[in-house]
Amino acid sequence: MPLGRTLSVALSGLEAHLVTVEADVGSGLPGMDWTGLPDTAVRESAKRIKSAANNSCLPWPGQHITIGLSPASVRKSGSGFDLAIAVAVLAAESAFDPALARDLVVIGELGLDGRVHPVTGVLPKVIGAVRLGYTRFAVPRANGGEAALVPGVEVIPARSLADLCAVLRGEVTATVPVTDVTASCDPLPDLEDVVGQHEARRAIEVAAAGGHHVMLSGPPGVGKTMLAERLPSLLPDLDDDGALEVTAIHSLLGRLPAGRPLISRPPFCAPHHSATVASLVGGGTGVPTPGTISLAHRGVLFLDEASEFERRTLDALRQPLESGTVTINRAGGAATYPSRFQLVLAANPCPCAKGGQSTDPGSCVCSSVQLRAYRARISGPLLDRIDLRARLAPISRAILNAGAAGEPSAIVRDRVSGARERAARRFRDTPWSTNAQIPGPVIRRCWPLGDDALESLRRDADRSRLSSRGVERVLKVAWTVADLVGHDRPTAGDVDVARGLRFGADHPGLARPA
């Protein structure tokens, strides 16, 4: 009894499950039976596969075919199993040596004419299969560069079902499309475009150096959005593991640019204030899909007009900000996605946006009830997780007329890189790399400060100006300030700077290392 076998991959979130695809050709009326928990899209592949084989002049059995997808406990969904099922059936028909397909992981969707169409999620599937010990892959040619990003794999980029069979018969040699990993680094907005706002610029620099969350407040037109959009230009490139992780998330949603799939720069996501909880955190029917916070993993999530977001939408960020992951449960299953991002909030001082106009402080027309309702949209527990707060005031005419540009991103980025290198050396024997990632109890236990440096923080805690979490976050910012100025350990002055950044008040300028 002819039996063909190959491999494919099913995803549950970013978790990959290896699927054995078996095709048994036996006696009976022509048709196809299924086992192994396939969804409707997989069952519909029967007609696509048969038409693709016939239009490719490949042998197709005129008998009954039974397709087995194991393990049967894992749900198989989507059209990415088309090519694997076709290969298993053709292996049963001896269209090529069946042994060549047994350790081959096959991913792709078939058209009726036999062409192989690209699918989403190829990179996380390849990464998952490699971790299970498999290195040979057949994928759509359009996904070939994406699959080849994983080191040590052999990729067969298939343009059509006939091409793949020709490769398996040894008639042609497969070539992987060249992947451009540098073209994805598009020019970024430069920090020198921001005129004035020296304190806010320094807050952004500290945020970039330590990976801290920041809130920018002030009237319209003072530069809040400009500063937030220029934060990515201060961040270092992603390392190899980080780039693959970020690219895998974007691959899952089919958001990789053609021809240059590797995302080597920290992503920047800025959803509209009408975004729902599901779009921000993740969700959907069946197995949950990642949301914007996962797309911003290892990058920046910018919420402009933060006070216009629904309060429950903003509060949904509280747990991911602490854990760096988000677990979403739906009827179709549960999925966990990474979501370690830098949060940047920008908000006006009041609904009429005139409350921060220093030239005419009495121009605000908002009532006290409106002000309380407006400010209550950003809850206290969420604000407690924001490390830095900067208040931006309108720029004077003298500064605008002078047109003096600030430091460009390249210079500030050098200081940020130096600070991150100091932190990395300090944390070289730990799983963390930036000050913002360190758990509060660990930083107090492993890197304690003297009584003189902690005195001001203790007073703030006694007066209930800072929670215990707030104290720990000020300590983390103090270490970042120390890293920026070249101190081996935060001084009382560094802690005062961190306190000023925390409370959003005027604070002393950061001294530059000699």
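Before reading on, note that the structure itself is shown above.
Residues numbered from 1 in each chain as written. Predicted model: local features only at pLDDT ≥ 70, side-chain atom pairs only at ≥ 80, totals over all residues. Heavy atoms only, no water.

Here we take up the pattern of salt bridges. A full pass over the atoms with the stated rule returns 30 salt bridges. Residue Arg-265 is joined to Asp-237 by a salt bridge in which the shortest nitrogen-to-oxygen separation is 2.7 Å. With Arg-265 in the loop between α9 (240-252) and β11 (268-269) and Asp-237 in the loop between α8 (224-230) and α9, the pair connects residues that are 28 residues apart, well separated along the chain. (Salt bridge = Lys/Arg side-chain N within 4 Å of Asp/Glu carboxyl O. Helix = DSSP H or I, 4+ residues; strand = E, 2+ residues; numbered from the N terminus.)

Let's shift gears to the pairing of strand β1 (residues 3-12). The element β1 is largely enclosed, with a buried count of seven among its ten residues. Note: β1 against strand β2 (residues 15-26), ten bridges, orientation antiparallel. Pairing of Arg-5 across the sheet is with Glu-22, part of β2. If you look at the hairpin formed by β1 and β2, you'll find two residues sitting between the two strands, and Gly-13 has a positive phi there, around 70°. (Buried < 20%, exposed > 50% of the residue type's maximum accessible area, 1.4 Å probe, protein only. Pairing = 2+ DSSP bridges.)

For the rest of this paragraph, the subject is the sheet that holds strand β17 (residues 342-347). Picture the strands of a sheet paired through backbone hydrogen bonds; they go either parallel or antiparallel. Strands sit in the order β11-β14-β17-β10-β18 across an open sheet of five strands; the sheet is parallel. Every interior strand has two partners, whereas the edge strands, β11 and β18 (388-391), have only one. Bridge count for strand β10 (residues 214-217) against β17 is four bridges, and the pairing is parallel. Bridged to Val-214 within β17 is Val-344.

Locating Ser-379 in the fold gives a position in the loop between α14 (368-375) and α15 (380-383). The class of Ser-379 is buried, set by a relative accessible area of 1%. Side chain to side chain, Ser-379 and Asp-315 meet in a polar contact 2.6 Å long. Filtering out sequence-adjacent residues up to four positions away, Ser-379 remains in contact with Arg-311, Asp-315 and Arg-318. (Polar contact = N/O pair within 3.5 Å; in protein donor to acceptor, adjacent residues only side chain to side chain. Contact = heavy atoms within 4.5 Å.)

For the pair helix α19 (residues 451-462) and helix α21 (residues 492-503), interaxial distance at closest approach is 7 Å and the crossing angle is 30°. It follows that α19 is roughly parallel to α21 by the angle criterion. Seen from above, α19 lies across α21 with right-handed handedness. Across from Asp-452, Ala-453, Ser-456, Leu-457 and Asp-460 in α19, the residues of α21 making contact are Ala-492, Val-495, Asp-496, Arg-499 and Phe-503. Residue classes in the contact of α19 with α21 are distributed as five nonpolar, one polar and four charged. (Axes fitted to C-alpha atoms, helices over the stretch in contact; angles between N-to-C directions. Parallel < 35°, antiparallel > 145°, perpendicular 65-115°, else oblique. Left-handed = near helix turned anticlockwise from the far one by under 90°. Nonpolar A, V, L, I, M, F, W, Y, C, P; charged D, E, K, R; others polar.)

Turning to the nonpolar core, a few remarks are in order. With 55 residues, the main nonpolar core has Ile-293, Leu-301, Leu-303, Leu-317, Phe-341 and Leu-343 as its most contacted residues. At six residues, the largest contribution of residues to this core is made by α9. Setting aside residues no more than four positions away along its own chain, Leu-343 makes contact with His-213, Val-214, Leu-301, Leu-303, Leu-317, Leu-321, Leu-382 and Ile-386. Counting 50 residues, the second largest nonpolar core, distinct from the first, contains Val-300, Ala-346, Ala-419 and Leu-475. (Core = buried A, V, L, I, M, F, W, Y, C linked by side-chain atoms within 4.5 Å.)

It is worth spelling out helix α2 (residues 45-55) at this point. Inspection of α2 places Ser-45, Ala-46, Arg-48, Ile-49, Ala-52 and Ala-53 among the buried residues, and these make up the whole buried set. On an axial view of α2, the arc spanned by its buried residues comes to 165°, and they lie on one face. The outward face of α2, more than 90 degrees from its buried face, is lined by the exposed residues Lys-47 and Asn-55. In this fold, the buried residues of α2 make contact with β3 (31-35), α1 (40-43), α3 (82-92), β6 (109-110) and α6 (161-168). Within two residues after α2, Cys-57 carries a phi angle of roughly 60°, on the positive side. (Arc of directions from axis to C-beta.)

Counted according to the given criterion, the structure contains two aromatic pairs. Between Phe-427 and Trp-447 the ring centres are 5.2 Å apart and the planes differ by 80°, which places this aromatic pair in the edge-to-face class. Of the two residues, Phe-427 sits in the loop between α17 (409-426) and α18 (440-446) while Trp-447 sits in the loop between α18 and α19, which places them 20 residues apart along the sequence. Here the two residues Phe-427 and Trp-447 agree in accessibility, since each one is buried. The ring centre of Phe-503 lies 4.0 Å from the NZ or CZ of Arg-465, which sits over that ring. (Phe/Tyr/Trp six-rings, centres within 6.5 Å; stacked < 30°, edge-to-face > 60°. Lys NZ or Arg CZ within 6 Å of the ring centre and 35° of its normal.)

Relative to the elements of secondary structure, Asp-39 occurs in the loop between β3 and α1. Arg-75 provides the closest opposite charge to the buried, unpaired Asp-39, separated from it by 6.3 Å. In this structure the side chain of Asp-39 is engaged in a polar contact, spanning 3.2 Å, whose partner is the backbone nitrogen of Ala-41. In this structure, Asp-39 is in contact with Arg-75, Lys-76, Ser-77 and Gly-78, ignoring residues within four places of it in sequence. (Lys, Arg positive; Asp, Glu negative; His and termini not counted.)

We now examine the environment of Ser-45. Mapped onto the secondary structure, Ser-45 falls in helix α2. Separated by 177 residues in sequence, Ser-45 and Val-222 place their C-alpha atoms 56 Å apart. Setting aside chain neighbours within four positions, we find Ser-45 in contact with Trp-34, Asp-82 and Ile-85. A polar contact is formed between the side chain of Ser-45 and the backbone oxygen of Val-42, at a distance of 2.4 Å.

Moving on, we come to the packing of α2 against α3. Between α2 and α3, the least distance of the axes is 10 Å, while the angle of their chain directions is 60°. Put simply, α2 runs oblique to α3. Considering how the two elements wind past one another, α2 and α3 form a crossing that is right-handed. Between α2 and α3, the contacting residues are Ser-45, Arg-48 and Ile-49 on the first element and Asp-82, Ile-85 and Ala-86 on the second. The class makeup of the residues in the contact of α2 with α3 is three nonpolar, one polar and two charged.

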